[in-house]
Amino acid sequence: MVVGKVVGTIVSTRKDPKLIGNKFLVVDIYEKFDNGNKGKILAIDSVGAGVGDLVIVTLGSAARFACDTPDMPVDATIVGIVDDEKDIRINS
Amino acid sequence: MVVGKVVGTIVSTRKDPKLIGNKFLVVDIYEKFDNGNKGKILAIDSVGAGVGDLVIVTLGSAARFACDTPDMPVDATIVGIVDDEKDIRINS
Amino acid sequence: MVVGKVVGTIVSTRKDPKLIGNKFLVVDIYEKFDNGNKGKILAIDSVGAGVGDLVIVTLGSAARFACDTPDMPVDATIVGIVDDEKDIRINS
Amino acid sequence: MVVGKVVGTIVSTRKDPKLIGNKFLVVDIYEKFDNGNKGKILAIDSVGAGVGDLVIVTLGSAARFACDTPDMPVDATIVGIVDDEKDIRINS
Amino acid sequence: MVVGKVVGTIVSTRKDPKLIGNKFLVVDIYEKFDNGNKGKILAIDSVGAGVGDLVIVTLGSAARFACDTPDMPVDATIVGIVDDEKDIRINS
C-alpha cells in the first residue's frame with residue numbers, strides 16, 4: 001500500500017455504470033512513500049475520506065476487494081485514514 | 001486510476017479475436033498524474049471517448065471489469081470522461 | 001497496453017512445460033510509450049508476430065487471457081500487429 | 001518479491017473492517033533491491049515481523065494469498081524474515 | 001517477462017508455511033531489460049536454476065501459475081533458463 005494526502009476531486013458524469021455513486025479523490029502520495037515515482041493517483045473511497053485527509057491506498061487487484069462488489073473497474077481504493085501525521089512513526 | 005487526454009488512435013487489423021470491434025486509443029497521462037513515469041498508454045474505450053477528451057483510465061486486472069466480457073486481453077480501459085478540465089480540482 | 005517493435009528472440013530449452021511451443025520475443029517499447037521507463041520486455045506471441053513487426057503488448061494478468069489456456073505463467077503477450085507505423089496517429 | 005527493513009508503523013483507526021487486527025508496517029526497500037524506484041511501501045505482516053527486521057515482501061495480488069482470507073484489500077504482505085543480513089549472499 | 005542473472009540467494013527460516021521448500025534466488029535484471037528501473041528482484045525457482053544462470057522471470061499474478069499450487073504468495077517466479085547468452089539475439 002502507499003500513504004498519501006487527499007488533495008482534490010474529479011467529476012465525471014459519463015462513466016462506467018458500476019462507478020456511479022463513487023467519489024473520485026485525487027491522492028498525492030506522501031513524500032516518504034513517493035520516491036519521485038508515484039506522484040498523484042486517482043482513487044475511490046471506502047472509508048469516508050475527504051480532501052485534507054492522510055490516507056492509506058491499496059493498489060492493483062486488491063483495490064476491488066475494498067469495494068461493495070468485487071467487479072468494480074478500479075485499481076486504487078482508499079482503505080484507511082491515518083489518525084494523525086504523528087502516527088506515521090518512521091525511524092530515520 | 002490515472003487521468004489523461006486521448007491524443008490519437010492505432011489501427012491493428014491482425015489482433016486477438018476478442019479485441020475485434022474495439023478502438024485502441026492513445027492516452028497521454030495528464031501531467032499532474034504523470035510524475036514523468038507513465039508517458040503514453042494504449043487503452044480501449046468503454047464510455048464513448050474520442051480524441052481530445054480528458055479521460056479516467058483504469059489499469060491492470062480491473063481494466064477487464066469495464067469490458068463486456070471479463071476475459072478481454074486488455075490492461076487499460078477508459079472508464080470515465082472528465083466533464084471539464086476545471087472539474088479537476090486539486091489544492092496545490 | 002504498450003506499443004513496441006519486435007527486435008529479437010530468446011531461446012530457452014529448460015522452461016516451464018506450459019511454455020513449450022511458445023516463441024519468446026524481445027519487444028523494444030516504442031519511444032512514444034517508453035517514457036524512459038519500460039525499455040525491453042519479453043513477450044510471447046498470440047497473433048503471428050515476428051522480428052521487425054510493430055506490435056501491441058498486453059501486460060500483467062490480462063496477458064494470460066490472450067493465450068490458449070488461462071493458466072499460462074506469462075505477464076506479457078503480443079495481442080495485435082500495428083498495420084503500419086503511419087497508423088499510429090498521435091496529435092502532438 | 002523485494003527485500004526491505006521494517007522502519008516504522010502507521011496507526012489507522014478508521015479503516016476497512018477486513019483490516020482490523022492487522023499492523024501496518026512501513027518497509028524501506030533494501031538498497032540492493034531499491035534501484036531508486038520503490039522507496040517505502042506499507043505492508044501488513046503475516047510472520048510476526050517488527051521494527052528493525054529485514055523482511056521479504058510479496059507485492060500485488062499474491063499479497064492476499066499470505067493472509068488468512070483471500071479477499072483482504074492489501075497489495076503488500078511480509079511473507080518472510082531474513083535470518084541475518086549475512087544471509088543475503090549476492091555476488092557482485 | 002524480464003531476463004536476468006541469478007546472482008545470489010537469501011535464507012529465511014521464519015516464513016509463510018506455503019513457501020517452505022522453496023529457494024529464494026536474487027535475480028539481477030539483464031541490462032538490456034533493465035532500463036535502470038528494475039534492479040534486483042527476489043524470485044522463487046520452478047525450473048532448477050542456480051547462481052550464475054541467465055533466466056526468464058515472470059512477474060505479478062502469473063508467477064503463481066508456475067508454482068505447484070496456485071495460492072503461493074509469490075510475485076516473481078523463474079520460468080525458464082536461457083540456453084546461452086548468444087541465444088539472446090537482439091537487433092540493435
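Heads up: these notes are all about the structure in this document.

Cut-offs used in this document
- Throughout, residues of each chain are indexed from 1 in the direction in which the sequence is written.
- Chain labels run from A onward and ligand labels from 1 onward, assigned in the order the entries are written.
- It should be noted that, the model being predicted, local features are given only for residues of pLDDT at least 70 and side-chain atom pairs only at 80 or more, the latter also being counted only at that level, while totals for whole chains, interfaces and linings use all residues.
- Side-chain measures were taken over the full set of non-hydrogen atoms in the model, leaving aside hydrogen atoms and water.
- A run of H or I in DSSP becomes a helix once it reaches four residues, and a run of E becomes a strand once it reaches two; helices and strands are each numbered from the N terminus.
- With C-alpha atoms as the basis for the radius of gyration, the globule rule is written as 2.2 Å multiplied by the number of residues raised to the power 0.38.
- Only protein chains enter the area calculation, which uses a 1.4 Å probe; residues under 20% of their type maximum are buried, those over 50% are exposed, and those in between are partly exposed.
- Working definition of accessibility: Shrake-Rupley area with a 1.4 Å probe, residue cover restricted to the visible protein chains.
- Superposing copies: least-squares fit, C-alpha atoms only, residues required to have pLDDT of at least 70 in both.
- Should any heavy atoms of two residues lie within 4.5 Å, those residues are counted as being in contact.
- Here's the idea: put two parts together, see how much 1.4 Å probe accessible area each one loses, and the total over both is what we call buried area.
- The working definition used for a salt bridge is a side-chain nitrogen of Lys or Arg within 4 Å of a carboxyl oxygen of Asp or Glu.
- Cavities and pockets are defined on a 1 Å grid built over the protein atoms alone: a cavity is a set of grid points where a 1.4 Å probe fits but cannot escape, while a pocket is an open set with protein on both sides within 12 Å along at least five of seven lines, and lining residues are those with an atom within 4 Å of any such point.
- Grid points are joined across faces, edges and corners, and a volume is the space filled by probe spheres set on the points.
- Polarity classes work like this: nonpolar for Ala, Val, Leu, Ile, Met, Phe, Trp, Tyr, Cys and Pro, charged for Asp, Glu, Lys and Arg, and polar for all others, with Gly in that last group.
- In summary, the charge assignment counts Lys and Arg as positive and Asp and Glu as negative, without counting His or the chain termini.
- Pairs of N or O atoms within 3.5 Å make up the polar contacts considered here, provided that, within protein, one atom can donate a hydrogen while the other can accept it, and that residues adjacent in sequence are counted only when both atoms are side-chain atoms.
- By definition, no residue in a patch forms a salt bridge, and every one has over 30% relative accessible area; like charges are joined within 9 Å, nonpolar side chains (Val, Leu, Ile, Met, Phe, Trp, Tyr) within 5 Å.
- The atoms used to mark charge sites are NZ of Lys, CZ of Arg, CG of Asp and CD of Glu.
- At least two bridges found by DSSP between two strands are what make those strands a pair.

### Looking at the overall build of chain A
(1) Moving on: Secondary structure summary: chain A contains one helix and seven strands in total.
(2) Moving on: Ordered by position from the N terminus, the helices and strands of chain A form the series β-β-β-α-β-β-β-β.
(3) Moving on: Its C-alpha radius of gyration of 13 Å places chain A within 12% of the 12 Å reference for a compact globule of 92 residues.
(4) Moving on: Overall, chain A is about 45 × 25 × 25 Å in size when its C-alpha atoms are taken along their principal axes.
(5) Moving on: Per-residue burial over chain A gives 60% buried out of 92 residues.
(6) Moving on: Here chain A has roughly 3,400 Å² of accessible surface; of this, 51% comes from carbon and sulfur atoms.

### Some words on the relation of the copies chain C and chain B
(1) Moving on: For these two chains of identical sequence, chain C goes onto chain B by a turn of 72° and a shift of 0.0 Å along the axis, with RMSD 0.0 Å. Put plainly, the chains are arranged around a five-fold axis. Within chain C, the C-alpha atom positioned nearest to the axis of rotation is that of Ser61 of chain C, 5.1 Å from it.
(2) Moving on: Residue by residue, only 11% of the interface of chain C is reproduced at the interface of chain B, so the copies engage with different surfaces.

### Section: the relation of the copies chain D and chain A
(1) Moving on: Superposition of chain D onto chain A requires a rotation of 72° combined with a translation of 0.0 Å along the rotation axis, giving an RMSD of 0.0 Å.
(2) Moving on: With a heterologous cut-off of 20% or less, the 9% of interface residues of chain D that recur at the interface of chain A puts this contact in the heterologous class.

### Some thoughts on the interface of chain C and chain B
(1) Moving on: Taken residue by residue, the interface counts 27 residues in chain C and 33 residues in chain B.
(2) Moving on: For chain C, the biggest contributors to the area lost against chain B are Met1, Phe65 and Asp83 of chain C; these three give 28% of the whole.
(3) Moving on: The interface formed by chain C and chain B contains zero salt bridges.
(4) Moving on: If you list the elements that add at least two residues to the side of chain C that touches chain B, you get helix H1 (31-34), strand S5 (54-59), strand S6 (76-81) and strand S7 (88-90) of chain C.

### Remarks on the layout of surface pockets
Residue and element names in this part refer to chain A.
(1) Moving on: Its volume calculated, the second largest pocket comes out at about 180 Å³.
(2) Moving on: If you trace the second largest pocket, you find 13 residues lining it, with Asp45, Ser46, Ala66, Cys67 and Asp68 closest to the centre.
(3) Moving on: Residue composition of the lining of the second largest pocket, grouped by class: six nonpolar, four polar and three charged.

### Points about the side chain of Lys15 of chain B
(1) Moving on: Mapped onto the secondary structure, Lys15 of chain B falls in strand S2 (residues 14-15).
(2) Moving on: We note that Lys15 of chain B is buried and unpaired, the nearest opposite charge coming from Asp83 of chain C at a distance of 7.3 Å.
(3) Moving on: What Lys15 of chain B contacts, discounting residues up to four positions off in sequence, is Ile20 and Phe24 of chain B together with Val47, Val79 and Gly80 of chain C.

### Things to note about the interface of chain D and chain A
(1) Moving on: Listed by partner, the interface residues are 33 residues for chain D and 27 residues for chain A.
(2) Moving on: Sorting the residues of chain D by area buried against chain A places Arg14, Lys40 and Asp75 of chain D first, and these three jointly supply 23% of that buried surface.
(3) Moving on: At the junction of chain D and chain A, the tally comes to zero salt bridges.
(4) Moving on: Viewed at the interface, chain A and chain D are joined by 11 residue pairs in polar contact (both at pLDDT 80 or more).

### Comments concerning a negative patch on the surface
All names here are of chain A.
(1) Moving on: A cluster of acidic residues, Glu31, Asp83, Asp84 and Glu85, forms a negative patch at the surface.
(2) Moving on: Here Asp83 is to be found in the loop between strand S6 (76-81) and strand S7 (88-90).
(3) Moving on: Taking relative accessible area as the criterion, Asp83 reaches 35% and is therefore assigned partly exposed.

### Structural notes on the side chain of Thr77 of chain B
(1) Moving on: Structurally, Thr77 of chain B can be placed in strand S6 (residues 76-81).
(2) Moving on: Here Thr77 of chain B is in contact with Ala43, Ile44, Ser46, Ile56, Val57, Thr58, Ala63, Ala66 and Cys67 of chain B, once residues within four sequence places are set aside.

### Things to note about the pairing of S5 of chain C
Looking along a regular strand, one sees the side chains alternate between the two faces of the sheet.
Residues and elements named next belong to chain C.
(1) Moving on: Within S5, five of the six residues are buried, which leaves the element mostly enclosed by the surrounding structure.
(2) Moving on: Summarising the sheet, strand S1 (residues 2-10) and S5 pair through four bridges and their orientation is antiparallel. What sits directly across from Lys5, in S5, is Leu54.

### Description of the environment of Ala63 of chain B
Residues and elements named next belong to chain B.
(1) Moving on: Along the polypeptide, Ala63 turns up in the loop between strand S5 (54-59) and S6.
(2) Moving on: Among the residues examined, Ala63 registers a relative accessible area of 0% and is labelled buried.
(3) Moving on: Considering only alpha carbons, one finds Ala63 and Ala43, 20 residues apart in sequence, at a separation of 9.0 Å.
(4) Moving on: Contacts of Ala63, omitting those with residues within four sequence positions, involve Thr58, Val74, Asp75, Ala76 and Thr77.

### Points about the pattern of salt bridges
Should their charged atoms come close, side chains of opposite charge can pair.
Residues and elements named next belong to chain C.
(1) Moving on: All chains considered together, the criterion is met by five salt bridges over all chains.
(2) Moving on: The salt bridge involving Asp28 is made with Lys40; its shortest N-O contact spans 3.7 Å. Placement of Asp28 in strand S3 (residues 24-29) and of Lys40 in strand S4 (residues 40-45) is noted, with a sequence separation of 12 residues between them.
(3) Moving on: According to the relative accessible area criterion, Asp28 is partly exposed, its value standing at 28%.
(4) Moving on: The class of Lys40 is buried, set by a relative accessible area of 17%.

### Side note on the pairing of S4 of chain C
All names here are of chain C.
(1) Moving on: In terms of burial, S4 is largely enclosed, as six of its six residues are buried.
(2) Moving on: Of the two faces of S4, both are covered, the one formed by Lys40, Leu42 and Ile44 as well as the one formed by Ile41, Ala43 and Asp45.
(3) Moving on: The pairing of S3 with S4 spans five bridges and is classified as antiparallel. When the bridges of S4 are listed, Val26 appears paired with Leu42.
(4) Moving on: Pairing between S4 and S6: two bridges, direction parallel. Within S6, the position partnered with Ile44 by the bridge is Thr77.

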